[in-house]
Amino acid sequence: MNIQLIWAQDTNAAIGKDGTLPWHYSEDLKNFKKLTTGHTIIMGRKTWDSLPIKPLPNRKNIVISSTEQTGVDSYNSIDTCMEYLQKNQSLQNIFVIGGMSIYKHFYDYADTLYITFIDKSFDDTDTFFPIDLMQIKNDFKCIEDCDSGDLQFTKWIRK
Ligand SMILES: NC(=O)c1ccc[n+]([C@@H]2O[C@H](COP(=O)([O-])OP(=O)(O)OC[C@H]3O[C@@H](n4cnc5c(N)ncnc54)[C@H](OP(=O)(O)O)[C@@H]3O)[C@@H](O)[C@H]2O)c1
């Protein structure tokens, strides 16, 4: 099983505001679509609620929630979700797409990180990536780094 975390963060490591993204960068959405299409995506219930289109097409969508969610496979714990993934060999390319609590749970299992760094800070953000960048740099090495305007697309693999 290959577990990949994917997220975008601003200069304060903010990832969310009022249940949604604090920004709109179509280039980042295209990158997200390109990387995740055809694969399994796992998200927390609040990220699921925030999606403008549900489920995200051409991907196996999985939601973690204490209550069963309609129209999508949902699991009431990380452990039951992991058991399901381990039993289903066809679902081996897994992208964890947020939010904060879900990234925190899956960080220790992650093989690869896709981080979009946004070279701006946004006001009134309320959700942050839970692992410090210093810790990430200790655990992972950056193997791809591509600048595009305010955005820096990076890929990291575990050391
Ligand atoms: N910048 C980015 O790349 C990015 C990516 C994703 C999300 N976001 C943003 O992040 C924010 C949402 O993130 P969030 O951290 O607030 O919420 P979240 O992680 O998406 O969802 C939290 C919910 O997940 C469920 N959950 C989490 N851990 C669980 C566990 N161990 N067992 C059972 N259920 C569990 C609970 O749902 P129930 O309450 O239903 O039990 C919990 O309330 C939004 O603003 C979103 O736009 C940003």
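If you're wondering where the values come from, they're calculated on a predicted model, not measured in any experiment. (Residues numbered from 1 in each chain as written. Predicted model: local features only at pLDDT ≥ 70, side-chain atom pairs only at ≥ 80, totals over all residues. Heavy atoms only, no water.)

**So, the pairing of strand 9 (residues 140-148)**
Note: strand 9 against strand 10 (residues 151-158), eight bridges, orientation antiparallel. Note on strand 10: the bridge partner recorded for cysteine 142 is tryptophan 156. Once strand 9 ends, the chain turns through two residues before running back antiparallel as strand 10, passing glycine 149 with a positive phi of about 60 degrees. (Pairing = 2+ DSSP bridges. Helix = DSSP H or I, 4+ residues; strand = E, 2+ residues; numbered from the N terminus.)

**Regarding the sheet that holds strand 1 (residues 2-9)**
Spatial ordering of the open sheet is given by 5-4-3-6-1-7-10-9, a layout of eight strands whose pairing is mixed. Among the strands making up the open sheet, the edge pair consists of strand 5 (73-75) and strand 9. On average, each strand axis in the sheet is tilted by 20 degrees relative to the strand beside it, whichever way the strands run. Here six bridges tie strand 1 to strand 7 (residues 112-118), and the two strands are oriented parallel to one another. (Axes fitted to C-alpha atoms, helices over the stretch in contact; angles between N-to-C directions.)

**Topic: the packing of aromatic side chains**
Applying the stated criterion to the full structure yields eight aromatic pairs. For the cation-ring pair, lysine 54 lies above tryptophan 48, with the distance from its terminal atom to the ring centre recorded as 5.9 Å. The ring of tyrosine 107 is capped by arginine 158, whose NZ or CZ atom sits 5.8 Å from the centre of that ring. (Phe/Tyr/Trp six-rings, centres within 6.5 Å; stacked < 30°, edge-to-face > 60°. Lys NZ or Arg CZ within 6 Å of the ring centre and 35° of its normal.)

**Regarding the site of the ligand**
Around the ligand, the surrounding shell holds 28 residues, and the nearest of these are Arg45, Thr47, Ser65, Ser66 and Met100. In this structure, isoleucine 64 approaches the ligand through a main-chain N or O atom, which is 3.4 Å from an oxygen atom. Residue glycine 99 places a main-chain N or O atom 3.1 Å away from an oxygen atom belonging to the ligand. Contact with the protein chains removes 82% of the 940 Å² of surface that the ligand exposes when unbound. Contributing elements (two or more residues each) for the shell around the ligand: strand 1, strand 2 (14-16), helix 2 (45-50) and helix 4 (100-106). Here the shell around the ligand takes five residues from helix 4, the largest share from any one element. Classifying every residue of the shell around the ligand gives 11 nonpolar, 14 polar and three charged. (Near = heavy atom within 4 Å. Polar contact = N/O pair within 3.5 Å; in protein donor to acceptor, adjacent residues only side chain to side chain. Areas by Shrake-Rupley, 256 points an atom, 1.4 Å probe, with all protein chains shown as cover. Nonpolar A, V, L, I, M, F, W, Y, C, P; charged D, E, K, R; others polar.)

**Considerations on the pairing of strand 1**
Among the eight residues that make up strand 1, seven are buried, leaving the element largely enclosed by the rest of the structure. In this structure, strand 1 lies alongside strand 6 (residues 93-96), joined through four bridges in parallel fashion. Looking across to strand 6, one finds that leucine 5 is bridged to valine 96. (Buried < 20%, exposed > 50% of the residue type's maximum accessible area, 1.4 Å probe, protein only.)

**Regarding the environment of cysteine 142**
Mapped onto the elements of the fold, cysteine 142 is located in strand 9. In this structure the C-alpha to C-alpha distance between cysteine 142 and glutamate 83, which are 59 residues apart in sequence, comes to 30 Å. Filtering out sequence-adjacent residues up to four positions away, cysteine 142 remains in contact with Thr154, Lys155 and Trp156. (Contact = heavy atoms within 4.5 Å.)

**Brief notes about the side chain of threonine 154**
With respect to the element layout, threonine 154 can be found in strand 10. At a separation of 2.7 Å, a polar atom in the side chain of threonine 154 contacts the main-chain carbonyl oxygen of isoleucine 115. With residues up to four places along the chain from it excluded, the contact list for threonine 154 reads Leu113, Tyr114, Ile115, Phe117, Cys142, Glu144 and Asp145.

**What to know about the pattern of salt bridges**
Should their charged atoms come close, side chains of opposite charge can pair. Evaluated as defined, the whole model comprises three salt bridges. For aspartate 49, the salt bridge identified is with arginine 45, shortest N-O distance 2.8 Å. Highlighted residues: aspartate 49 and arginine 45, both in helix 2, separated by four residues, approximately one helical turn. What makes arginine 45 partly exposed here is its relative accessible area of 33%. Here lysine 60 ties to aspartate 73 by a salt bridge, and the two come within 2.5 Å at their closest N and O atoms. Of this pair, lysine 60 sits in strand 4 (residues 60-64) while aspartate 73 is found in strand 5, placing the two residues 13 residues apart along the sequence. (Salt bridge = Lys/Arg side-chain N within 4 Å of Asp/Glu carboxyl O.)

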